[in-house]
Amino acid sequence: MAPRPQTDAYVLGVGLTPFIKPRRSREYPELGFEAGVKAMLDAQINYDDVEMGVACYCYGDTTSGQRIFVSLSTVGCCIYNTNNACATGSTGLHMARTLVRSGAADCILVIGFEQMSPGSIKSAWTDRPSPMGLSTQMMEDTRGKHDSPRNAQYFANAGREYMEKYGARAEDFAEIARISHEHSQRNPYAQFRQKYSLEEILKAPMIHAPLTKLQCSPTSDGAGAAVIVSQRFLNSRPQLRSQAILIAGQTLMTDSPALYSRSAMDLVGFDMTKQAVAAAYKEAGVGPRDVSVCELHDCFSANELILLEGLGFSAPGKAHEMVRNGDITYGGKGPIINPSGGLISKGHPLGATGLAQCAELCWQLRGWANNRLVDAKVALQHNLGLGGAVVVNIYKRADGQQNKKLSDEEVVQASAFAYNPAVEARHPTVADADKVRSRSTRSEYALGDTQEKIQARL
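Residues numbered from 1 in each chain as written. Predicted model: local features only at pLDDT ≥ 70, side-chain atom pairs only at ≥ 80, totals over all residues. Heavy atoms only, no water.

Attention now moves to the UniProt feature "domain: Thiolase C-terminal" (unreviewed entry) in the protein chain. Taking the numbering used here, the UniProt-annotated feature "domain: Thiolase C-terminal" (unreviewed entry) corresponds to residues 264-386. For residues 264-386, the helix share is 46%, the strand share is 11%, and the end-to-end C-alpha distance is 13 Å. (UniProt positions renumbered as here; feature names shortened; annotations may be inferred. Helix = DSSP H or I, 4+ residues; strand = E, 2+ residues; numbered from the N terminus.)

Scanning the entire structure with this criterion turns up 22 salt bridges. Arg232 is the partner of Asp106 in a salt bridge, and the nearest nitrogen-oxygen pair spans 2.7 Å. With Asp106 in the loop between helix H3 (88-102) and strand E4 (107-114) and Arg232 in helix H8 (residues 231-235), the pair connects residues that are 126 residues apart, well separated along the chain. Look at Asp106 and you get buried, because its relative accessible area is 17%. A salt bridge links Arg169 to Glu171, with the nearest nitrogen and oxygen atoms 3.9 Å apart. Salt bridges here are not isolated pairs; linked through shared partners, they connect Arg26, Glu30, Glu34 and Lys38. (Salt bridge = Lys/Arg side-chain N within 4 Å of Asp/Glu carboxyl O. Buried < 20%, exposed > 50% of the residue type's maximum accessible area, 1.4 Å probe, protein only.)

With that out of the way, let us pick up the sheet that holds strand E3 (residues 78-82). Strand order in this open sheet of ten strands is E3-E2-E4-E7-E1-E8-E12-E11-E9-E10, and the pairing throughout is mixed. At either end of the open sheet lies a strand with only one pairing partner, and these are E3 and strand E10 (336-337). Lying on the sheet, helix H10 (residues 270-284) is in contact with strand E8 (245-253), strand E11 (378-385) and strand E12 (389-397); it crosses E8 at an angle near 145°. (Pairing = 2+ DSSP bridges. Contact = heavy atoms within 4.5 Å. Axes fitted to C-alpha atoms, helices over the stretch in contact; angles between N-to-C directions.)

Right, let's get into helix H6 (residues 170-184). The first and last C-alpha atoms of H6 sit 22 Å apart over 15 residues, in line with the 21 Å expected at 1.5 Å per residue. Taken across its 15 residues, H6 has twelve buried, putting it largely inside the fold. Each element contacted by the buried residues of H6 is listed here: helix H5 (150-166), helix H7 (198-202), helix H11 (301-310), helix H12 (319-324), E10 and helix H13 (342-346). (Expected span 1.5 Å × (residues − 1).)

So, about the pairing of E4. Among the eight residues that make up E4, eight are buried, leaving the element largely enclosed by the rest of the structure. Side chains of E4 alternate between two faces, with Cys107, Leu109, Ile111 and Phe113 and Ile108, Val110, Gly112 and Glu114 buried alike. Of the pairings in the sheet, the one linking strand E2 (residues 52-56) to E4 comprises five bridges and is parallel in character. Within E4, the residue paired with Met52 across the bridge is Ile108. As paired strands, E4 and strand E7 (residues 222-230) are joined by eight bridges and run antiparallel to one another. Within the sheet, the bridge partner assigned to Glu114 lies in E7 and is Gly222.

Right, here's the structure in full:
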């Protein structure tokens, strides 16, 4: 069978809620609704334009996605629910792009959300084999059995292997966390926006050496959303071309045979990331030197350090030198890593993380993130899930140009917002929600008490 012609796919709209501590102060239907409303406002569409929906979450019952989408419309639209560990949100983006490029739909709304429990991540299932069972056994065989949180052990061990091979020090991992926390001060959606000194990070409670508490991402509640559209859809709205972001390259990949090589680095997806990013670079027609800004899956600072090499930003064994030279933050050689603050300080609601990374890079390339802007023409997103899955997205502006800083006033003039959502987090109004909910198939009953909660937060 001859291959079908494929269209380009674009991110036309994005939306985020603030990421918060998991204390049930906001439930997932409200969080997902807010993110979806903001993304559609940003894309200047109504839900009647949406042909398919993708819901992304790890913790929750089946069809939790429908609980959110039905508040936007009761039309019998195709809704997918997807779970791919910490890469769940980006897996939703991959699904949407694949469907759009195949011609199955012209407009897809992706909503990622999570309502988590306090404390370290734990499995909800105790009566069946764990998907991480073989990896855990190999980790214990090679690095011993410990009482610290399992995920922290995985990444701390990967960091230790890098130290043993190349001479990195504990201070290098702590410096990564210091930079992430410093960056987060300018992100209004970040769960933690406090600056720490290197000494404070090193002296924080030890989780699993060399990782202290301030080098570990927290559990979080929150939601993110994106509207993915085809070239045909964008052509019908030429006035939005300046905000459309092309997904120029994309790869979703699972673990390679190197997973069980007895390498602690490969056990957390180092080889998988190397293969995925090579494929994404090839599709986008760029290389690591073209990337100016990157949202990297820094669930732990050790993962960021080893993946500076895995993504091609450093020569083998030289990632810690990038950190010491200040290359990963403003004023360095670049690329700038995690201007949002990353998972370490922005927070990590699993299903929403990939959408939050996407939103940050769209705001960067549009020039809207004017309080933390990186001069960029190409942006890279890396989202990793143990188990395993990795998604790499490479973004460019639809016009192919480099970004240009816009003032808040210019953003308001060019967008559907009365403020700049890249630098200010506001809850949508009831009027905002009314604008984007289906005009023909809405149900006030399906909205439940979400509208009252929105009103109460204003």
